[in-house]
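Okay, here's what each chain looks like letter by letter:
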Amino acid sequence: MKLLLKNGCPVDSRNELPEKVDILIENNKIVKIAENIDENDTEIINLDGTKVLPGLIDMHVHLREPGYEEKETIKTGCEAAAAGGITTVAAMPNTDPIADNPATIELIKARAQEALVDVVPLGSITKGSSGKELAEIGFLSRSGVKGVTDDGNPVMDSEVMRRAMEYSRPFDLPIISHCEDLNLAAEGVMHEGFYSTKLGLKPIPAAAEEVMIARDIALADLTGARLHIAHLSTARGFELVKAARENGIKVTAEVTPHHLTLTDADLQEYNTAMKVNPPLRSVDDRDTLIKAVKDGQLSVIATDHAPHTYEEKMGTIDSAAFGISGLETALSVLHHYLIRKGNLDWNQIIELMYYNPAEILRLDKEGLKIGSIADLTIFAENESWTVDTDKFKSLGKHSPYNGQELTGTVKLTIKDGKIIYDNRGGQGELIY
Ligand SMILES: [Zn+2]
């Protein structure tokens, strides 16, 4: 099977490429990249100057299976990823049962074999993500997990976290930390500040996140473990990570598209699609995070795709579940709000959503290069679309961007040399 993509604008600063290229794919690999390729008996697609990116990696995704198939399944979550131009997702372990054992990891891997995109399993740090007793990190590593995390729950006990970091080291696994002091966060539902007071909603102080980031950095320093901070959301949290990195501590951090584009002011309509954990923060926090990614001082953008059922998100802000579906809007949101306005460029997107997550998870990714697996995302910058959550492939139909027009759309997603998502006719067709 051959596929020839003509006139694409490649985005990959780590491989030197001309401004416009043709890419020939044979079976599952890129076999030729040149300014002009003539080839017979092959399917030819003219990309007309749209962007060609290496297939993106989202290292923070809740696929919900096993156990919460009413929210999402591995199949539907991977379909949502394909529609978002993401060809590799890391699956968070807070399933039921929790992915704290090799059997559950094997089940996830088996289900993922039929899915449209690659699923990288993550294991939990503690048994049942209860924060008390360490999971069998060595067995988890042997079964193929690429990181450990109790995401959704912080590891409150510092001694347990220290031991987890010590055990993770020989397996070269990152500890992905959900930083939230539960006592400080209490039963809060939104960022503590002007708007929580105005709206009369229970607050979560920024410090609830920051004290745990500070603790985990101290423990990473003590143990030499690789620490990755999940969904960083505050300015001071960033300052802590930056200072630690400058001191040679092995810490990376990720930020979500929603924390880069929204603030606590967006909760004024009491829209539960704005309820996320960590909460949407202040303008100052958001602007600091934008500057941090722009300056290359944060490592990763990840969606924290956290789908829920309609029932779980209806009702009041107080009672609704935390979390939104983010896979299908991430790239368009980043383009619309950041790239278009000069706050990020395409090469930075590739660092944040391809090379850096690949490095943290130790995935072998070489970008747009001859011999590479042909995982590609084709993105049209000039075409707009309106977000309609009813059309989401994800079973979770909640997005803070619902109803918004976004500039830039995923046209094609190619996985292992095969088109898995075709949006050229605007229909967003998935192809198995
Ligand atoms: Zn999460």
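Because the structure is a prediction, the values reported are computed rather than measured. (Residues numbered from 1 in each chain as written. Predicted model: local features only at pLDDT ≥ 70, side-chain atom pairs only at ≥ 80, totals over all residues. Heavy atoms only, no water.)

## Some thoughts on the coordination of the zinc ion
(1) Moving on: The zinc ion binds to the protein through His60 (NE2), His62 (NE2), Asp151 (OD) and Asp304 (OD), with metal-donor distances spanning 2.1 to 2.3 Å.
(2) Moving on: Classification of the site at the zinc ion as irregular follows from its four donor atoms and the range of 84 to 165 degrees in their angles at the metal. (Donors = N, O, S within 2.8 Å, 3.2 Å for Na, K, Ca; no water. Tetrahedral: all angles 85-135°; square planar, octahedral: opposite > 155°, others 65-115°.)

## Some thoughts on the UniProt feature "binding site: substrate" (unreviewed entry) in the chain
(1) Moving on: Here the UniProt feature "binding site: substrate" (unreviewed entry) sits at His62, Leu63, Arg64, Asn94, Asn277, His308, Phe322 and Gly323.
(2) Moving on: Checked against the element boundaries, Asn94 lands in the loop between strand 7 (86-91) and helix 2 (102-112).
(3) Moving on: When near neighbours in sequence (up to four residues on either side) are disregarded, Asn94 contacts His62, Arg64, Tyr68 and Asp151.
(4) Moving on: At 2.9 Å, the side chain of Asn94 forms a polar contact with the side chain of His62.
(5) Moving on: Mapped onto the elements, His308 comes out in the loop between strand 15 (300-301) and helix 11 (310-313).
(6) Moving on: On the basis of relative accessible area, His308 is assigned to the buried category, the value being 8%.
(7) Moving on: Contacts of His308, omitting those with residues within four sequence positions, involve Arg64, Lys71, Lys313, Ala321, Phe322, Gly323, Leu395, Gly396, Lys397 and His398.
(8) Moving on: Side-chain polar atoms of His308 contact the side chain of Lys71, separated by 2.9 Å. (UniProt positions renumbered as here; feature names shortened; annotations may be inferred. Helix = DSSP H or I, 4+ residues; strand = E, 2+ residues; numbered from the N terminus. Contact = heavy atoms within 4.5 Å. Polar contact = N/O pair within 3.5 Å; in protein donor to acceptor, adjacent residues only side chain to side chain. Buried < 20%, exposed > 50% of the residue type's maximum accessible area, 1.4 Å probe, protein only.)

## A word on the nonpolar core
(1) Moving on: If you look at the biggest cluster of nonpolar residues, it comprises 91 residues, and the most contacted ones within it are Val89, Val119, Ile229, Leu232, Leu260, Leu298 and Ile301.
(2) Moving on: When residues in this core are grouped by element, the largest group, nine residues, is from helix 13 (residues 346-360).
(3) Moving on: With sequence-adjacent residues up to four places away left out, Leu260 is seen in contact with Val255, Arg286, Leu289, Ile290, Val293, Ile301, Leu334 and Leu338. (Core = buried A, V, L, I, M, F, W, Y, C linked by side-chain atoms within 4.5 Å.)

## Considerations on the side chain of His231
(1) Moving on: With respect to the secondary-structure elements, His231 resides in the loop between strand 13 (227-229) and helix 8 (235-246).
(2) Moving on: Judged by its relative accessible area of 3%, His231 falls in the buried class.
(3) Moving on: Polar contacts involving the side chain of His231 include one to the side chain of Asp151, which spans 3.2 Å.
(4) Moving on: Not counting residues up to four positions away in its chain, the partners in contact with His231 are His60, Asp151, His178, Glu209, Glu254, Thr256, Asn277, Pro278 and Asp304.

## Observations concerning the UniProt feature "active site" (unreviewed entry) in the chain
(1) Moving on: Here the UniProt feature "active site" (unreviewed entry) sits at Asp304.
(2) Moving on: Residue position: Asp304 is located in the loop between strand 15 and helix 11.
(3) Moving on: A relative accessible area of 10% places Asp304 in the buried class.
(4) Moving on: Among all residues touching Asp304, those that are not within four sequence positions of it are His60, His62, Asp151, His231, Thr256, Asn277 and Ile324.
(5) Moving on: Among the polar contacts made by the side chain of Asp304, one reaches the side chain of His60 at a distance of 2.9 Å.

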